[in-house]
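Observations on the three-dimensional arrangement
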Amino acid sequence: MSRHAHPEQLTKAEPIDLSIEGMSCASCVSRVEKALKKVPGVESASVNLATERARIEGAPASTEALQAAVRAIGYDAHVIDHSQPMHDHAHMHDEDAKLLLRDTIIAAVLTAPIFIVEMGGHLVPAFHHWTMMTLGPWNGYLQFILATIILAWPGRRFFVSGIPALLHGAPEMNALVALGSGAAWLYSTVATFFPGVLPEGTASLYFEAAAVIVTLILLGRLLEARAKGRTGAAISKLINLAPKTARVERHGAEADIPIDAVQVGDRIIVRPGERIPVDGTVVEGASFVDESMISGEPAPVAKKGGDEVVGGTINGTGSLVFRADKVGADTLLAEIVRMVQAAQGAKLPIQALVDRVTGWFVPAVMLAALATFVAWLVFGPAPALPLALVNAVAVLIIACPCAMGLATPVSIMVATGRAAELGLFFRKGDALQALREAHVVALDKTGTLTAGRPALTDLEPADDFDRAGVLRLVASAEQRSEHPSAKAIVAAAEADGIQLAAPADFQAVAGFGVSATVDGRTVAIGADRYMTTLGIDTSALAASAARLASEGKSPLFAAIDGRLAAILAVADPIKPTTPAALAALRGAGRRIVMITGDNRTTAEAIARQIGVDEVVAEVLPDGKVAAVEKLKAGGKVAFVGDGINDAPALAAADVGIAIGTGTDVAIESADVVLMSGDLQGVAKAIELSDATMRNIAQNLFWAFFYNIILIPVAAGALYPAFGLLLSPMLGAGAMALSSVFVVGNALRLRRFHPAGQGATA
């Protein structure tokens, strides 16, 4: 999806995404953000180290201006074009890893002789004497040659990036490595060829330190690159769901064509067991389709003529012919990939603290290294100069802020990918933090807690009337009504196989009920107040009406030829998974609030059935925002809804959670989308949020604790009391392992399973 973009005028409304190449630590992130923010027209710029992306808001003059700003500080940038078909960029990480593997092997092979000679001599005095007797001055010459090749070939990347950054007054990780290894090499070179310029007794060789530093940091980057490649596994898996070809029927002939060549309107044939290539509508055939890749639900979904199918899902045992409605970048799968990528590139509020710290961290480390050098030179024991150099280099090497920069973004990247596999799509990555902090979960009733389709639940006939006869007459009369309750009654009669008659003299009285003539008989259906206006006594069924209302159902009376004939009840049935989902939310310590337009009696009856803590009833559609704002006064609120009228409340809440089976407007207004429509997804999302924030806290603790503890050790804080110094080689190893630890810890989130479904991270 990356490409070199031509300069083009951009509107303020559209964010621009750039792929950034060459970043290695948190300081790089800070540099790129500052450079982008200086471009005229840019309002905000957010750079993510883990995804290697930048998102720019505002109206810069052109994309070329943004790319030029990034290239001017030593990095490369390409515009990401979301209108293009999906492509898997995992191979780019593979190429990086291959290059790092090659360089690491070269560095290790060249370092081995230096390390063996120097360390072997320290450990076995006889070996040292043999080396001096055999090699003489060539010991230094050969070490110089090998170390120079290491720094100039596999270690060249540190100098190419680090020295310009240093000259620009914005040092980063590469600058620290270049300074540390370069200083050790330069001192050793002087000691080898011009020992007389150094104080007597200080002409020691530290070529092994320079070589081992480069080798270990390359090894750390190799391990980190491989681990980071695994963090993007969810995106790769999603992209690879789309088949490469589609069997299309054009002009009466069938042909397999590349997926990019499929056009809207094409007739596509899908055989049993094949993946559906694009989104469309079934025109022939019937089958069951596995849609678990978008919903997280394993049960196959029945498909027949007129039903929609989604690209990437798997056809069952039947054959289908469907019309292509959305292709390329317009498919749901492509939208999901963009959604996950956007979430992975987001910055959590906690990242602001990390950015502030890392903004001054590298300059502070350089000052600490300089102070260490001066302190050892002035106050250190003889030989002071080499000891000052070794300890200053150790401080430079051990303090690279890689782990700090990766601590938050890699956890977000893995978590949002795992969420996608569970059918949970974080449209905004910062919802991961906000969701954990939302202790109130407010839910719309209709379509969220309930099925959203009213159904006839009860029909109790009065004396001298039978159920089937009453249902036939009432349903026949209701055929002309558009009211949801009327449709529920008609659907119940049709489900029972009852043949309905055509009504005559149909009348609807708003807020009361309807009347009609069916087979010559007068039929009236409505609330008790309607019966009162018709002069019909409902006392015989009043007790039943009260009982039905207490159960959260809407009672209706039916009269035939002026006599009370029956009481009916219509209700929007609770989704089967709702009680368990609310129990899980209560178990997670959340307070559950139901927001509904129902009258309070009905609403409270439903609340008792499903275990809701608080009811906000009789809310008009435009009053949901006010209800959410009122709840927010007591803390952060997550709102769950599915309809068009829920969109403002979804946007107003701290976290908006849309049911994926709902309207596009609701989904566009949400921070999190539950593709399955199952409310248990809310509890899963909260669990994942908790697990992610714990993971980030572990990463940040390690990254900061590591530096707080080891920088003083590297400076020689333990030497006065214990005589201990930290070798620059050990510092390089510890620095490399710190980044690998952070990425490895984040990868544990790939094993996250909601409660009751296995181990969690």
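Residues numbered from 1 in each chain as written. Predicted model: local features only at pLDDT ≥ 70, side-chain atom pairs only at ≥ 80, totals over all residues. Heavy atoms only, no water.

In the nomenclature of an unreviewed UniProt entry, the protein chain is known as P-type Cu(+) transporter of Kaistia hirudinis. The heading Subcellular location (unreviewed entry) in the UniProt record of the protein chain holds the text "Cell membrane". Listed in UniProt under the heading Sequence similarities (unreviewed entry), the comment for the protein chain reads: "Belongs to the cation transport ATPase (P-type) (TC 3.A.3) family. Type IB subfamily." (UniProt positions renumbered as here; feature names shortened; annotations may be inferred.)

Side note on the overall build of the protein chain
Regarding its fold elements, the protein chain presents 29 helices and 27 strands. Counting across all 761 residues of the protein chain, residues that qualify as buried make up 52%. A fraction of 68% describes how many contacts in the protein chain between residues 6 or more apart in sequence connect residues 24 or more apart. As displayed, the protein chain offers around 32300 Å² of accessible surface, 61% of which is attributable to carbon and sulfur atoms. (Helix = DSSP H or I, 4+ residues; strand = E, 2+ residues; numbered from the N terminus. Buried < 20%, exposed > 50% of the residue type's maximum accessible area, 1.4 Å probe, protein only. Contact = heavy atoms within 4.5 Å. Areas by Shrake-Rupley, 256 points an atom, 1.4 Å probe, with all protein chains shown as cover.)

Some remarks on the packing of aromatic side chains
Scanning all chains against the criterion turns up nine aromatic pairs. Taking the centre distance of 5.4 Å and the plane angle of 85° together, the rings of Trp 138 and Tyr 141 count as edge-to-face. Here the residue Trp 138 and the residue Tyr 141 both occupy positions in helix H5 (residues 138–152), the gap between them amounting to three residues, near one helical turn. Between Phe 144 and Phe 193, the ring centres sit 5.0 Å apart and the planes meet at 85°, which makes this aromatic pair edge-to-face. Placement of Phe 144 in helix H5 and of Phe 193 in helix H7 (residues 173–193) is noted, with a sequence separation of 49 residues between them. Grouped by ring-pair contacts, the aromatic residues Trp 138, Tyr 141, Phe 144, Trp 185, Phe 193 and Phe 207 constitute a single cluster. (Phe/Tyr/Trp six-rings, centres within 6.5 Å; stacked < 30°, edge-to-face > 60°.)

Here's the deal with the pairing of strand S14 (residues 320–326)
Direction of pairing for strand S8 (residues 267–270) relative to S14: antiparallel, over a ladder of four bridges. Across the sheet, Val 270 pairs through a bridge with Leu 320, a residue of S14. Across six bridges, strand S9 (residues 279–285) lies against S14 in antiparallel orientation. Residue pairing across strands places Gly 280 opposite Ala 324, the latter belonging to S14. (Pairing = 2+ DSSP bridges.)

Focus on helix H21 (residues 542–550)
Residues of H21 that are buried: Ser 544, Ala 545, Leu 548 and Ala 549. When H21 is viewed along its axis, its buried side chains cluster within an angular range of 135° and face the same direction. Those residues of H21 that are exposed and angled more than 90 degrees off the buried face are Ala 543 and Ala 546. Looking at the buried side of H21, the elements it contacts are strand S17 (455–461), strand S21 (554–560), strand S22 (563–571) and helix H23 (600–610). (Arc of directions from axis to C-beta.)

A short note on the pattern of salt bridges
Between side chains of opposite charge, a pair can form when the charged atoms approach closely. On inspection of all chains with the given rule, the structure shows 30 salt bridges. The shortest N-O distance in the salt bridge between Arg 102 and Asp 103 comes to 2.9 Å. With relative accessibility at 43%, the residue Arg 102 sits in the partly exposed group. The exposure class of Asp 103 is buried, given its relative accessible area of 3%. Overlapping salt bridges, with partners in common, bring together Asp 458, Glu 460, Arg 547, Glu 551 and Lys 553 in one network. (Salt bridge = Lys/Arg side-chain N within 4 Å of Asp/Glu carboxyl O.)

Remarks on the nonpolar core
Ranked by internal contacts, the top residues of the largest apolar core, which has 135 residues, are Leu 18, Leu 36 and Phe 426. With 14 residues, the single largest contributor to this core is helix H27 (residues 680–715). Setting aside residues no more than four positions away along its own chain, Phe 426 makes contact with Met 339, Ala 343, Thr 416, Ala 419, Ala 431, Leu 432, Leu 435, Asp 671, Val 672, Ala 685 and Leu 688. Core analysis: the second largest hydrophobic core is formed by 28 residues, Ala 475, Ala 501, Val 523 and Ile 560 among them. (Core = buried A, V, L, I, M, F, W, Y, C linked by side-chain atoms within 4.5 Å.)

Focus on the side chain of Thr 189
Relative to the helices and strands, Thr 189 is located in helix H7. Sequence-distant contacts of Thr 189, defined by excluding residues within four places in its chain, comprise Phe 144, Phe 194 and Phe 207.

With respect to the UniProt feature "transmembrane region" (unreviewed entry) in the protein chain
Mapped onto this structure's residue numbering, the UniProt feature "transmembrane region" (unreviewed entry) falls at residues 99–117, 137–154, 175–197, 203–223, 357–379, 385–408, 700–719 and 725–747. Across residues 203–223, the secondary structure splits into 81% helix and 0% strand, with the terminal C-alpha atoms separated by 36 Å.

Things to note about the sheet that holds strand S24 (residues 614–616)
Strands in a sheet are paired, the pairing made by backbone hydrogen bonds, and the direction either parallel or antiparallel. Pairing is mixed across the open sheet formed by seven strands, whose spatial order is S15-S27-S26-S25-S16-S23-S24. The open sheet has two edge strands, strand S15 (424–426) and S24, and neither has a second partner. Here the strands of the sheet are splayed against their neighbours by 20° on average, with no regard to which way each runs. As paired strands, strand S26 (residues 655–659) and strand S27 (residues 672–674) are joined by three bridges and run parallel to one another. Each bridged residue has a counterpart across the sheet, and for Ala 658 the counterpart in S27 is Val 673. Helix-sheet contacts for helix H24 (residues 624–632) involve strand S16 (440–444), strand S23 (591–595), S24 and strand S25 (637–641), and the interaxial angle to S23 is about 160°. (Axes fitted to C-alpha atoms, helices over the stretch in contact; angles between N-to-C directions.)

So, unusual backbone geometry
Note that the residue after Ala 382, namely Pro 383, is joined by a cis bond; omega there is -10°. Checked against the element boundaries, Pro 383 lands in the loop between helix H12 (351–379) and helix H13 (384–398). In this structure, Asp 464 takes a positive phi of about 75° despite not being glycine. With respect to the element layout, Asp 464 can be found in the loop between S17 and helix H18 (467–478). Owing to a relative accessible area of 72%, Asp 464 belongs among the exposed residues under this scheme.

A word on the sheet that holds S14
Taking strand neighbours across the sheet as the criterion, the six strands line up as S7-S6-S8-S14-S9-S12 in an open arrangement whose pairing is antiparallel. Single-partner strands in this sheet number two, and they are strand S7 (253–258) and strand S12 (308–309). Bridge count between strand S6 (residues 245–250) and S8: three bridges; the pairing is antiparallel. Residue pairing in the sheet places Val 248 in a bridge with Ile 268 of S8.

Re the packing of H18 against helix H19 (residues 484–495)
Geometry of a packed helix pair, given as the angle between the helix axes and the separation of the axes. It is at 9 Å that the axes of H18 and H19 come closest, and there the two elements cross at 130°. In terms of their interaxial angle, H18 and H19 are classed as oblique. You can see that H18 and H19 cross each other, and the crossing is left-handed. Residues Leu 471, Val 474, Ala 475 and Glu 478 of H18 pack against Ala 486, Ile 489, Val 490, Ala 492 and Ala 493 of H19. (Parallel < 35°, antiparallel > 145°, perpendicular 65-115°, else oblique. Left-handed = near helix turned anticlockwise from the far one by under 90°.)

As for the pairing of S21
Most of S21 is tucked away: five of the seven residues are buried. Here four bridges tie strand S20 (residues 521–526) to S21, and the two strands are oriented antiparallel to one another. Of the residues in S21, the one forming a bridge with Val 523 is Ile 560. As defined by bridge partners, S21 adjoins S22 across seven bridges and the pair is classed as antiparallel. Considered in S22, the bridge of Ala 558 is made with Ala 566. In sequence, S21 turns back onto S22 through a hairpin of two residues, with Asp 561 there showing a positive phi of about 55°.

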